[in-house]
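One letter stands for each residue in the lines below.
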Amino acid sequence: MKFGEMQQSARHYINGRWETGTTTGTSENPSDTREVVAEYARADRNQTELAIRAAADALPHWSHSTPQRRADVLDQIGNEILARKDELGMLLAREEGKTLPEGIGEVARAGQIFKFFAGEALRIPGETMASVRPGIQVDVTREPVGVVGIIAPWNFPFAIPAWKIAPALAYGNTVVFKPAELVPTCGWALAEIISRCGLPAGVFNLVMGSGREVGQTLVDHPLVNALSFTGSMATGERILQSAAARRAKVQLEMGGKNPLVVLADADLDQAIECAVQGSYFSTGQRCTASSRLIVEEPVHDAFVARLRNRLAGLKVGHALERGIDIGPVVDRGQLEQNQSYLDIARNEGAEHVWGGELLERPTPGHYMSPALFLARPEHRVAREEIFGPIACVLRADDYEHALALANDTPFGLCAGICTTSLKHATHFRRHAEVGMTMVNLPTAGVDFHVPFGGRKGSSYGSREQGRYAAEFYTTVKTGYVLA
């Protein structure tokens, strides 16, 4: 199938069959709102329950399949994604609004994730040890957790589903996958590839629709043993409360308000690039975006002046246009939220340095220029996740003050520091209250083979990605044998 240049009709994939929905919806191109990217099927609670029951019925067989079979399936999926990364990257750029190079890069990452977990399927760990009692052997093994409900966000419509679906299948679980309604075609394109990889019917299911219907059914259903969710803190907290009532396993990734500390000894050119890439690329629509730039007093003014000049040179435009640095905001609702935060920042007394204007381009889209403010720690622009191309600079007296400002947030996903001091870099890595730290790197760049996740309000449950994914997608069993 070719997804790159035509409108699609995306259907559900339930129990090995493509199904229409009870209603339909459409997704549009944020770079050109005249273009409908897809018409897609929307499910209700009953159709979602059919998918859940199919996954439950398929679990006994798939959970006892051989590691080699699971590895072969995942490797095949990864190979096809990588072979079609240009085509799928164009689809991603059209539906979500990432620039084409970013879209292709994300798709390639999704393919690499599937291939990584193909290997992990062959390396599921266990232990054999002596008992404290004579003549007894103890084995510790990992088994699938069961039916996994996956609720994915719109901002990484290939990579985030990949890093949830791949480990779920690798460890022998069955899956019901709900993509975000803003990016149904990306979810369907991934499902279409998975549907042809030789999985038994019911092992993988795609159900599109609203959080109120599809998402809540996944959260509440007694046959769903585990839920992996990436999205807002408010929604994640509701999911946790509902799922905890029936003792389902829960994994939540819920955003961040990530600091990038710039010390006086930093390479300022390098720090500017870390700030621009971390704060504004992907239109700032990343939970790892560094939206708080904490700059030590001696270089504060020089940093702000250089950053302003760098922002003035960034090109905002159609995601498929060559030479574009920043694509459109994903939809009108997000654009309006971004604009409301500009008003909030001004009304609270933050100093507007640059940007934030709505932009007109040859095609009608959700375009705005990257915005920068000078703020105080109590300002909402410095405390709340905005999820757009908006950052603020906070002035720090010294390193200790900068560290305190970095930790002064209800979030704790990641934090970066730009410095040439090994002492300060080492101390920051140890004392930043986050799940990931970066030294002289943008906060938004992470690898697929190592743990991803945060602390405080950013995350709940065990880590995603890498070998640590086994903590969520498996359950541990201890066995005793009289030798």
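Residues numbered from 1 in each chain as written. Predicted model: local features only at pLDDT ≥ 70, side-chain atom pairs only at ≥ 80, totals over all residues. Heavy atoms only, no water.

Q: If you had to explain empty space enclosed by the protein to someone new, which residues and values would you point to?
A: Applying the stated rule across the entire model yields four cavities of 30 Å³ or more. Of the voids in this model, the largest cavity is the one considered here, and its volume is about 90 Å³. Lining the largest cavity are 14 residues; nearest its centre among them are Gly 284, Ala 289, Ser 291, Phe 387 and Gly 388. (1 Å grid on protein atoms, 1.4 Å probe; cavity = no way out; pocket = protein on both sides within 12 Å on 5 of 7 lines; lining within 4 Å. Points joined across faces, edges and corners; volume = space filled by probe spheres on them.)

Q: Explain the packing of aromatic side chains to me, and be specific about the residues and the numbers.
A: Tallied over the full model, the rule gives seven aromatic pairs. Measuring from ring centre to ring centre gives 6.3 Å for Phe 116 and Phe 448, while their planes differ by 75 degrees; the resulting arrangement is edge-to-face. Residue Phe 116 is found in helix α4 (residues 100–121), and its partner Phe 448 is found in the loop between β20 (436–439) and β21 (455–456); the two are separated by 332 residues along the sequence. A residue is classified by how much of its surface remains accessible, and Phe 448, at 23% relative accessible area, is partly exposed. With a centroid separation of 4.9 Å and 85 degrees between ring planes, the pair formed by Phe 472 and Tyr 473 is classed as edge-to-face. One exposure class covers both Phe 472 and Tyr 473, and it is buried. Members of the aromatic cluster, connected to one another through ring pairs, are Phe 116, Phe 117 and Phe 448. One cation-aromatic arrangement involves Lys 98 over Phe 156; the distance from NZ or CZ to the ring centre is 3.9 Å. (Phe/Tyr/Trp six-rings, centres within 6.5 Å; stacked < 30°, edge-to-face > 60°. Helix = DSSP H or I, 4+ residues; strand = E, 2+ residues; numbered from the N terminus. Buried < 20%, exposed > 50% of the residue type's maximum accessible area, 1.4 Å probe, protein only. Lys NZ or Arg CZ within 6 Å of the ring centre and 35° of its normal.)

Q: Please provide a residue-by-residue account of the environment of Ala 10, values included.
A: Here Ala 10 shows up in strand β1 (residues 8–10). Relative accessible area serves as the criterion here: at 2%, Ala 10 is assigned to the buried category. For the pair Ala 10 and Asn 173, spaced 163 residues apart in sequence, the C-alpha separation works out to 25 Å.

Q: Before we move on, can you summarise the sheet that holds strand β16 (residues 371–374) with the specific residues and values?
A: Spatially, β15-β16-β17-β14-β13-β19-β20 is the arrangement adopted by the seven strands of the open sheet, whose pairing is mixed. Looking at strand neighbours, the two that pair on one side only are β15 (351–354) and β20, the edges of this open sheet. For this sheet, the mean angle separating the axes of adjacent strands, direction not counted, is 25 degrees. Pairing analysis gives five bridges linking strand β14 (residues 292–296) to strand β17 (residues 390–396), with the strands arranged parallel. Bridge pairing in β17 links Arg 292 to Cys 392. Most of the contacts of helix α13 (residues 422–431) go to strand β19 (residues 414–418), to which it runs at about 175 degrees, and overall it touches β13 (259–262), β19 and β20. (Pairing = 2+ DSSP bridges. Axes fitted to C-alpha atoms, helices over the stretch in contact; angles between N-to-C directions. Contact = heavy atoms within 4.5 Å.)

Q: So what's going on with the layout of surface pockets? Residues and values would help.
A: Each pocket or cavity is described by its volume, and for the largest pocket that value is around 890 Å³. For the largest pocket, the lining is made up of 39 residues, of which Phe 229, Thr 230, Gly 231, Ser 232 and Thr 235 are closest to its centre. Secondary structure elements with two or more residues in the lining of the largest pocket: α7 (211–220), β11 (226–230), α8 (233–245) and α11 (332–347). The element contributing the most residues to the lining of the largest pocket is α8, with six residues. The volume enclosed by the second largest pocket comes to roughly 500 Å³. Lining the second largest pocket are 24 residues, with Arg 109, Phe 156, Arg 286, Ala 444 and Gly 445 sitting closest to its centre. Going through the elements one at a time, α4 and α5 (159–170) are the ones with two or more residues in the lining of the second largest pocket. Here the element with the most residues in the lining of the second largest pocket is α4; it accounts for six residues. Considered class by class, the residues forming the lining of the second largest pocket number 13 nonpolar, six polar and five charged. (Nonpolar A, V, L, I, M, F, W, Y, C, P; charged D, E, K, R; others polar.)

Q: I'd love a proper account of the sheet that holds strand β23 (residues 474–482), names of residues and values included.
A: The three strands are arranged β6-β7-β23 in an open sheet whose pairing can be described as antiparallel. Edge positions in the open sheet fall to β6 (127–130) and β23, since each of these has one partner strand only. Strand-to-strand twist of the sheet, defined as the mean angle between neighbouring strand axes without regard to direction, takes the value 20 degrees.

Q: Break down the side chain of Asn 155 for me, with residues and values.
A: Within the element layout of this structure, Asn 155 appears in the loop between β8 (147–151) and α5. Residue Asn 155 is classed as buried on the basis of its relative accessible area of 3%. From its side chain, Asn 155 meets the backbone oxygen of Gln 285 in a polar contact 3.2 Å long. If we skip the residues at most four places from it in the chain, Asn 155 touches Glu 96, Lys 98, Glu 106, Ile 160, Gln 285, Arg 286, Cys 287 and Phe 387. (Polar contact = N/O pair within 3.5 Å; in protein donor to acceptor, adjacent residues only side chain to side chain.)

Q: Residue-level account of the confidence of the model for the protein chain, with values.
A: Averaged over every residue, the pLDDT of the protein chain is 96; the share at 70 or more is 98%. Here residues 1–7 scores under 50 on pLDDT; set against residues more than four positions off or in separate chains, the count is 25 contacts. (pLDDT = per-residue confidence, 0-100.)

Q: How would you sum up the pattern of salt bridges? Please name residues and give values.
A: Enumeration over the complete set of coordinates arrives at 28 salt bridges. Where Arg 17 meets Glu 19, a salt bridge forms, and the shortest distance between an N and an O atom there is 3.4 Å. A salt bridge links Glu 106 to Lys 98, with the nearest nitrogen and oxygen atoms 3.0 Å apart. With respect to burial, Glu 106 and Lys 98 carry one shared label: buried. Three or more residues are tied together by salt bridges with common partners; here these are Glu 80, Arg 84, Glu 87, Glu 192 and Arg 196. (Salt bridge = Lys/Arg side-chain N within 4 Å of Asp/Glu carboxyl O.)

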